[in-house]
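Here's the letter readout for the chains.
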Amino acid sequence: MRAVVFERHGDPARALFLTELPLPETPPGTVRVRLLSRPINPSDVMFVEGEYGREARFVPVESHGPLSPAGFEGAGRVDQVGPGVHLEPGSQVAVAVTGTWQEYVTASLDAVIPLPHDLPLDTACQFTVNPFTAHLLLTDLQLERGDTVLLTAGTSTVGQMLMCLARRQGIRCICLARNSGQETRLKNLGAELTVSAEDHAVVDRVRGLAGASGVAAALDAVGGQQGALALKCVRDGGRLVVYGSMSGRPLPVPPRLPLFHSVSIGGFWLPRHLEKLSAEALRELTSTITHQLVDHALPTPVEAHYDLSNVHRALAHHARSGRSGKIVLTG
């Protein structure tokens, strides 16, 4: 089977390459999935770079040496089941495992989510990361109807999902746009309020929109200057939650904010939050997300598709600013 792998951490444009690997086996309690579609997420890139919260395991492969697969999520069809598994071959599933940027993957049952057969692959392949992130981020904030939350990376898929979910809960969203040109695009995506990071009076403008005290919370996936601006907009006793680092730059934190204004700063990492959920809570959330995606109640935009053999072109496209959706690896 074809697989996108790497021998050492580094720039994905140099580190990743396509190779042939043996088909994985299906021990008891596992499922082999023929993957058909995989989104490129920021976490996938960070993993190859060695900047992610989980280290790569380089496993010796005959005639290759130690290799690590890439990719954390995807969708496809059940190809084979191991003993003790009652899933019909041909069933459509989403998969959350390390190594989805290959044609086949073996996964334990708890890493496989059965999906309606007619759910489009572009939607199915985005099931296991962004919808759970958006839901759990808002749940963790415990905001009340009428509160205001500020978002960076509002044009990202998670940002768009957060806007949809917040609107249903009566929570107002202010999107911090990267530049003035992005404000129009954010409004077209449904943002109620936007302000440009280029605005010299950005904090005053946010407080004029949210109230003199500032926003109840901010969700930052960018870091750097945008993250710093978001932090300055949080009211006394409010929260900034960091769930990404798209800029790759550190987040400067003025000591006076946590010291004198009781602004708390924390992080959100999806795997850790999923581990905290009870089995029943996880089933309920999975069911909710399934219905929302089937009903097109959550956006899963896709801008372009590339075959696995064109992974470097796909990564270059992923890195472009101003994308309108995910870059998806097919094949």
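Everything quoted here is computed from the prediction, not taken from an experiment.

Topic: the packing of aromatic side chains
By convention here, two paired aromatic rings are described through the distance between centres and the angle between planes. Overall, the coordinates contain six aromatic pairs when judged by the stated rule. For the pair phenylalanine 6 and phenylalanine 58, a centre-to-centre distance of 5.5 Å together with 85 degrees between the ring planes defines the contact as edge-to-face. Pair noted here: phenylalanine 6 is in strand E1 (residues 2-6) and phenylalanine 58 is in the loop between helix H2 (42-49) and strand E4 (59-61), with a separation of 52 residues, a long-range link. With relative accessibility at 0%, the residue phenylalanine 6 sits in the buried group. A connected cluster of aromatic rings, assembled from ring pairs, spans Phe6, Phe47, Tyr52, Phe58, Phe72 and Trp269. Taking NZ or CZ as reference, arginine 54 lies 5.5 Å from the ring centre of phenylalanine 72, over its face.

Overview of the packing of helix H4 (residues 130-141) against helix H11 (residues 279-294)
Any two packed helices are characterised by the angle at which their axes cross and by the distance between the axes. Where H4 meets H11, the closest approach of the two axes is 11 Å, and the angle between their N-to-C directions is 115 degrees. Both H4 and H11 take part in a crossing whose hand is right-handed. Of the residues in H11, those in contact with Pro131, Phe132, His135 and Leu136 of H4 are Leu282, Leu285, Thr286, Thr288, Ile289, Gln292 and Leu293. Within the contact of H4 with H11, the residues separate by chemical class into seven nonpolar, four polar and no charged.

Some words on the pairing of strand E5 (residues 65-69)
Relative to E5, E1 runs antiparallel, the two sharing two bridges. Bridge assignment links phenylalanine 6 to a residue of E5, and that residue is serine 68. Two successive antiparallel strands, E4 and E5, enclose a turn made up of three residues, where serine 63 displays a positive phi of approximately 70 degrees.

Looking at the environment of leucine 186
Within the secondary structure layout, leucine 186 lies in helix H6 (residues 180-188). Distance from leucine 186 to glycine 154, taken between C-alpha atoms, is 6.8 Å for residues 32 residues apart in sequence.

Observations concerning the environment of glycine 154
For glycine 154, the position within the fold is in the loop between strand E10 (148-151) and helix H5 (157-168). Under the relative-accessibility criterion, glycine 154 is labelled buried at 4%. Once the C-alpha coordinates of glycine 154 and alanine 221 are considered, the two residues, 67 residues apart in sequence, prove to be 9.2 Å apart. Not counting the four nearest positions on each side in its chain, glycine 154 is found in contact with Gly159, Gln160, Met163, Cys175 and Leu186.

Things to note about the packing of H4 against H5
At a minimum axis distance of 9 Å, the contact between H4 and H5 shows a crossing angle of 50 degrees. Between H4 and H5, the angle falls in the class oblique. Judged by the sense of rotation from one axis to the other, the crossing of H4 with H5 is right-handed. Between H4 and H5, the contacting residues are Asn130, Pro131, Thr133, Ala134, His135, Leu137 and Leu138 on the first element and Thr157, Val158, Met161, Leu162, Leu165 and Ala166 on the second. Residue classes in the contact of H4 with H5 are distributed as nine nonpolar, four polar and no charged.

With respect to the pairing of strand E12 (residues 193-196)
The alternating pattern of E12 places Leu193 and Val195 on one face and Thr194 and Ser196 on the opposite face, and all of these are buried. Each parallel crossover has a hand, and for strand E11 (residues 172-177) linked through H6 to E12 it is right-handed.

Concerning the pattern of salt bridges
Close approach of charged atoms allows side chains of opposite charge to pair. Scanning all chains against the criterion turns up eight salt bridges. For the salt bridge of arginine 14 with aspartate 11, the shortest nitrogen-to-oxygen distance reads 3.3 Å. Using a relative accessible area of 39% as the deciding quantity, one classes aspartate 11 as partly exposed. The network of salt bridges with shared partners includes Arg2, Arg34, Glu103 and Asp307.

Concerning the side chain of glutamine 160
Examined against the element boundaries, glutamine 160 turns out to sit in helix H5. Setting aside chain neighbours within four positions, we find glutamine 160 in contact with Gly154, Thr155, Leu189, Pro299 and Pro301.

Looking at the sheet that holds E4
Strand-to-strand pairing in sheets goes through backbone hydrogen bonds, with the strands running parallel or antiparallel. In spatial order, the strands read E2-E1-E5-E4; together these four strands make up an open sheet with antiparallel pairing. Edge strands, defined here as strands with exactly one partner in the open sheet, are strand E2 (16-20) and E4. Averaged over neighbouring strand pairs, the angle between their axes works out to 60 degrees when direction is ignored. The pairing of E4 with E5 spans three bridges and is antiparallel. Within E5, the residue paired with proline 60 across the bridge is proline 66.

Overview of helix H8 (residues 224-232)
Across the nine residues of H8, seven count as buried, placing the element largely inside the fold. Turning to H8, its buried residues number three or more, namely Gly224, Gln226, Gly227, Ala228, Leu229, Ala230 and Leu231.

Describing the nonpolar core
If you look at the biggest cluster of nonpolar residues, it comprises 46 residues, and the most contacted ones within it are Val149, Leu162 and Leu219. Of all the elements in the fold, those that place two or more residues in this core are H4, E10, H5, E11, strand E13 (215-220) and H11. Element by element, the count of residues in this core is highest for H5, at seven residues. Core analysis: the next-biggest nonpolar cluster, separate from the first, contains 21 residues, Val4, Ala56, Trp101 and Val311 among them.

Cut-offs and rules
- Within each chain, residue numbers correspond to sequence positions counted from 1 in written order.
- In keeping with the model being predicted, local features are shown solely for residues with a pLDDT of at least 70 and side-chain atom pairs are shown and tallied solely at 80 or more, while totals for entire chains, interfaces and linings include all residues.
- To obtain the side-chain values, all non-hydrogen atoms of the structure were used and water was disregarded.
- Two rings from Phe, Tyr or Trp (for Trp, the six-membered ring) form a pair when their centres sit within 6.5 Å of each other. Planes less than 30 degrees apart are called stacked, planes more than 60 degrees apart edge-to-face, and all others tilted.
- For the purposes of this entry, the term helix denotes a DSSP run of H or I that reaches at least four residues, the term strand denotes a run of E that reaches at least two, and both are numbered from the N terminus.
- When accessible area is computed with a 1.4 Å probe and restricted to protein chains, residues below 20% of their type maximum are described as buried, those above 50% as exposed, and intermediate ones as partly exposed.
- Charge-over-ring placement is defined geometrically: NZ (Lys) or CZ (Arg) within 6 Å of the ring centre, and within 35 degrees of the ring normal.
- Here an axis means a line fitted to C-alpha atoms, over the contact stretch when the element is a helix, while the angle between two N-to-C directions is reported on a 0 to 180 degree scale.
- In this scheme the handedness of a crossing depends on how the near helix is turned from the far one: anticlockwise by less than a right angle means left-handed, clockwise means right-handed.
- Here, two residues are considered to be in contact whenever any of their heavy atoms come within 4.5 Å of each other.
- Residue type decides the class: Asp, Glu, Lys and Arg count as charged, Ala, Val, Leu, Ile, Met, Phe, Trp, Tyr, Cys and Pro as nonpolar, and the leftover types, Gly among them, as polar.
- Any two strands with at least two DSSP-identified bridges between them are counted as paired.
- By the definition adopted for this analysis, an angle is roughly parallel if under 35 degrees, roughly antiparallel if over 145, roughly perpendicular if from 65 to 115, and oblique otherwise.
- Look down the strands so they point away from you; if going from the first strand over the helix to the second traces a clockwise path, that crossover is right-handed.
- Between Lys or Arg on one side and Asp or Glu on the other, a salt bridge is scored when a side-chain nitrogen of the former is within 4 Å of a carboxyl oxygen of the latter.
- Residues belong to a common nonpolar core when they are buried Ala, Val, Leu, Ile, Met, Phe, Trp, Tyr or Cys residues joined through side-chain atoms within 4.5 Å.

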